[in-house]
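As a plain string of letters, each chain reads:
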Amino acid sequence: MKKIAIYGKGGIGKSTTVSNLAAAFAEMGLRVLQIGCDPKADSTFLLHPDRPSVPVLDLIRRGGNFSLGDMVTEGFGGVFCVEAGGPAPGTGCAGRGIIAALEKLAEKGAYEVYRPDVVLYDVLGDVVCGGFSMPMREGYADHVFILTSGENMAIHAAANIAMAVEHFAGRGYARLGGLILNRRNVPREAEKVEELAGDIHAPVVGALDWSETVQRAADENKTVLERFPESGMAGEYRALARAVLAAAEG
Amino acid sequence: MIDLRKTDPGVTIAEAAFPAPFAGTLEYASPARGPWNIVHVGMLIPESRQIFACAEGCLRGVVLTAAEMGAMDRFSTVAIEEHDVLDGDFEEMLVDGVSDILNGLQEKPRAVLLFTSCIHHFVACDLGYVYGTLRRRFPDVDFTDCYMTPILRQTSSPDALMRRQLYAALRPMAPDPHRANFIGGATSPAASCDLREIFASAGWTVGDITECKTYDEYLAMAKASLNVTMIPSAKPAGEELERRLGQRHLYLPVSYDYNEIDTLLCALTEAIGAPVPDTRAKREAAETALRQARGTLGGMPVALDYTATTRPLGLARLLLEHGFTVSDVYADGFTADERADFDWLRERVPSLRVRPTVHPAMRVQPRDHTETLAVGQKAAYFTGTNHFVNLVEGGADGAGLWGYDGVARLASLMADAARTEQDTRSIISVKGWGCCC
């Protein structure tokens, strides 16, 4: 089982990328579990727009007993989708929400029941507290990949995430698998991301072009692989999926 | 403004809902505690040390308990302050704090019970890392994860969790087919207990953590092939040991119903291959003791509480069926085992009062029922009586009361209490009275 966490600055395109990666893995014949670790609970939306997941935190809040099946929605390509959910904006503790959701998934035996070949944790933004580092821990992700563009704030966030991974290295937590460049076509973009990769001693495992195809698919609430499977972007996601898997072998 | 003194929060059993007769409110904690707390229970492991890691405000209760028990030499704390939350490395803080404590001791304990608190769970402290590091650093010490997490008590009973963790250090050993344990109770069943007689008749030995004097004796409990639990909060311990060590678990709940007692005794005989006992003489002895107690009490009303026995409704029913006057049952809720007795009492004695112990109005209710006989510390406190049987969790005078023998002994204790007043206040003001650690 490959357990992979994708981190990156808010708005950098993590959920879109992770959903397309999930679809690409599924296309390769792999069983995929995608876990959205974001209080907005929109990580997996593109995979099942007509049947939104009930976030785990909502199920917990409702009280009573609920089953593993209540937490998991099967989406495009047979991808098993889970949303951690979280408190209303401005209230509560989003990190605590991730903790509770991941603990509940483990408690209900999600990994044993669905036996995924690949688990993808789509984690909100920077590592801001213990809850957001939870997917890095032993027993969760084995590898962390950071999605970044060449924009300064995205690079700054990526550096912080890499620091967190390094901080926890002695504890047997996830290793840094590498960077994924999601191009925004800013000046010196590839060069800046390569500089970052050198600083954090991690490879750039793949790159995605900026493309209207991604936006057009998202406008129809679909992944690129579902809506435009023959497009060049679909090919880029497939190549990225192979590259991520290869990097996660290490 | 509500005058709580004029508010009786009690209900008749006819009005009461099962299993929760009262709505949740702000809770009042009376000075009469009754059962043991997590410190008392944990201290049952010989040669162990407890380390509590939490904010100083939360430490107060457990420190006082340890001091009251005279067990401060087996107790340490790691205080968490606000800057620790801001700095955020709870894992290193726990590892360093525990290491400092252990390195400062002339002699290392055989076992450490490390109690984490609510804040560790709020911030998702990586306890796997903490315990892994401590075990590598102190390979001769057994570390058990324990929890002081009152904020989680509605999702996982701290009491049941503690009783489960009490046996977490047991490791697989070659099983002895004729060895059993009583587990999860604060007092070991009396020597004359019906269960002990059956074990003895089949040539079995029975251990109990309350009788262990050394850590090795404690570890040897893993040799048993059968564990018997008698209270609901001990069941998770029995289930966990069955899963982890393969020790068969038999739940034989405290009961005051003769037919149920016979059924439970048969379950034990079947489990260990003992002959089915003839219980007629024991049943008659229980009846005789009840008649004598009834004669001694006359019309003296009896009040019971849930800390005295996990089946207060079953006990109330037994007493009512034998001509006693039962006035009040103090309980905030009932266990599933009580359903049949609840239904019986509703139908036959609908006026029986059920009174809460944690409702704020109980703080100011009159405590002037001095001619009542109380069974249990909370019943004694709320009635204000000195006619008092100090039954805690089904045990009295250091012996657990179970089955016919338990009924007879309890009846005898009730007769004694009717005849002789005790200094209730001095007894119930001690937490975990009777703790034998």
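Please refer to the structure higher up on the page.
None of these values were measured; they are calculated from a predicted model.

K.L.:
Please explain the overall build of chain B as it appears in this structure.
P.N.:
Across its full length, chain B carries 17 helices and 16 strands. When the backbone C-alpha atoms are referred to their principal axes, chain B occupies close to 65 × 65 × 35 Å. Evaluated residue by residue, chain B yields a buried proportion of 47% over its 437 residues. Sequence separation of 24 or more characterises 76% of the internal contacts of chain B that already satisfy a separation of 6 or more.

K.L.:
Which parts of the structure should I look at to understand the nonpolar core?
P.N.:
Generally speaking, nonpolar side chains in soluble globular proteins are found buried as a group. By size, the foremost hydrophobic cluster in this structure holds 208 residues, and its most contacted members are Leu120 of chain A together with Leu304 and Met414 of chain B. Looking at this core, the element that brings in the most residues is helix α16 (residues 403-419) of chain B, giving 9 residues. Apart from the residues within four sequence positions on either side, leucine 304 of chain B is in contact with Pro312, Leu315, Ala316, Val326, Val329, Tyr330, Val375, Gly376 and Ala379 of chain B.

K.L.:
Please clarify how the sheet that holds strand β6 (residues 176-182) of chain B should be interpreted in this entry.
P.N.:
Consider a sheet: its strands pair through backbone hydrogen bonds, and that pairing is either parallel or antiparallel. All names here are of chain B. Pairing is parallel in the open sheet, where 4 strands are placed in the order β7-β6-β8-β9. Both edges of this open sheet fall to β7 (205-208) and β9 (248-251), since each of them pairs with a single strand only. Here the average twist between neighbouring strands, direction ignored, is 30°. Examined bridge by bridge, strand β8 (residues 224-229) and β9 share 4 bridges and lie parallel to one another. For valine 228, the partnering residue across the bridge sits in β9 and is leucine 250.

K.L.:
Sorry if this is basic, but what is going on with the interface of chain A and chain B here?
P.N.:
By a frequent convention, interface size equals the accessible area lost on bringing the separate parts together. Opposite the 8 residues of chain A that make contact, chain B presents 6 residues. Of all the elements in the fold, those that place two or more residues in the side of chain A that touches chain B are α4 (94-107) and α6 (130-133) of chain A. Taken together, the residues that form the side of chain A that touches chain B break down as 2 nonpolar, 2 polar and 4 charged.

K.L.:
When you look at the pairing of strand β1 (residues 2-8) of chain A in this model, what are you seeing that I'm missing?
P.N.:
Along any regular strand the residues' side chains alternate between the sheet's two faces. Residues and elements named next belong to chain A. Burial runs high along β1: 6 of the 7 residues are buried. Taken together, the 5 bridges between β1 and strand β5 (residues 118-123) define a ladder with parallel strand orientation. Within the sheet, the bridge partner assigned to lysine 2 lies in β5 and is valine 118. Direction of pairing for β1 relative to strand β6 (residues 143-148): parallel, over a ladder of 5 bridges. Within the sheet, the bridge partner assigned to alanine 5 lies in β6 and is valine 144.

K.L.:
Explanation requested: unusual backbone geometry in the structure shown.
P.N.:
The omega angle of the peptide bond from phenylalanine 18 of chain B to proline 19 of chain B is 5°, so this bond is cis rather than trans. Although it is not a glycine, asparagine 185 of chain A adopts a positive phi angle of roughly 60°. Along the chain, asparagine 185 of chain A falls in the loop between β7 (175-182) and α8 (189-200). Judged by local crowding, asparagine 185 of chain A falls into the exposed class, with 9 C-beta atoms found within 10 Å. Located in the positive-phi region is histidine 201 of chain A, a residue other than glycine, with phi close to 55°. Residue placement: histidine 201 of chain A occurs in the loop between α8 and β8 (204-208). In this structure histidine 201 of chain A comes out as exposed when scored by C-beta crowding, with 9 C-beta atoms within 10 Å.

Rules behind the numbers
Residues numbered from 1 in each chain as written. Chains lettered and ligands numbered in written order. Predicted model: local features only at pLDDT ≥ 70, side-chain atom pairs only at ≥ 80, totals over all residues. Helix = DSSP H or I, 4+ residues; strand = E, 2+ residues; numbered from the N terminus. Buried ≥ 20, exposed ≤ 12 C-beta atoms within 10 Å, placed from the backbone. Contact = placed C-beta atoms within 7 Å. Core = buried A, V, L, I, M, F, W, Y, C linked by C-beta atoms within 7 Å. Pairing = 2+ DSSP bridges. Axes fitted to C-alpha atoms, helices over the stretch in contact; angles between N-to-C directions. Nonpolar A, V, L, I, M, F, W, Y, C, P; charged D, E, K, R; others polar.

Any link to function would need more than the numbers given here.
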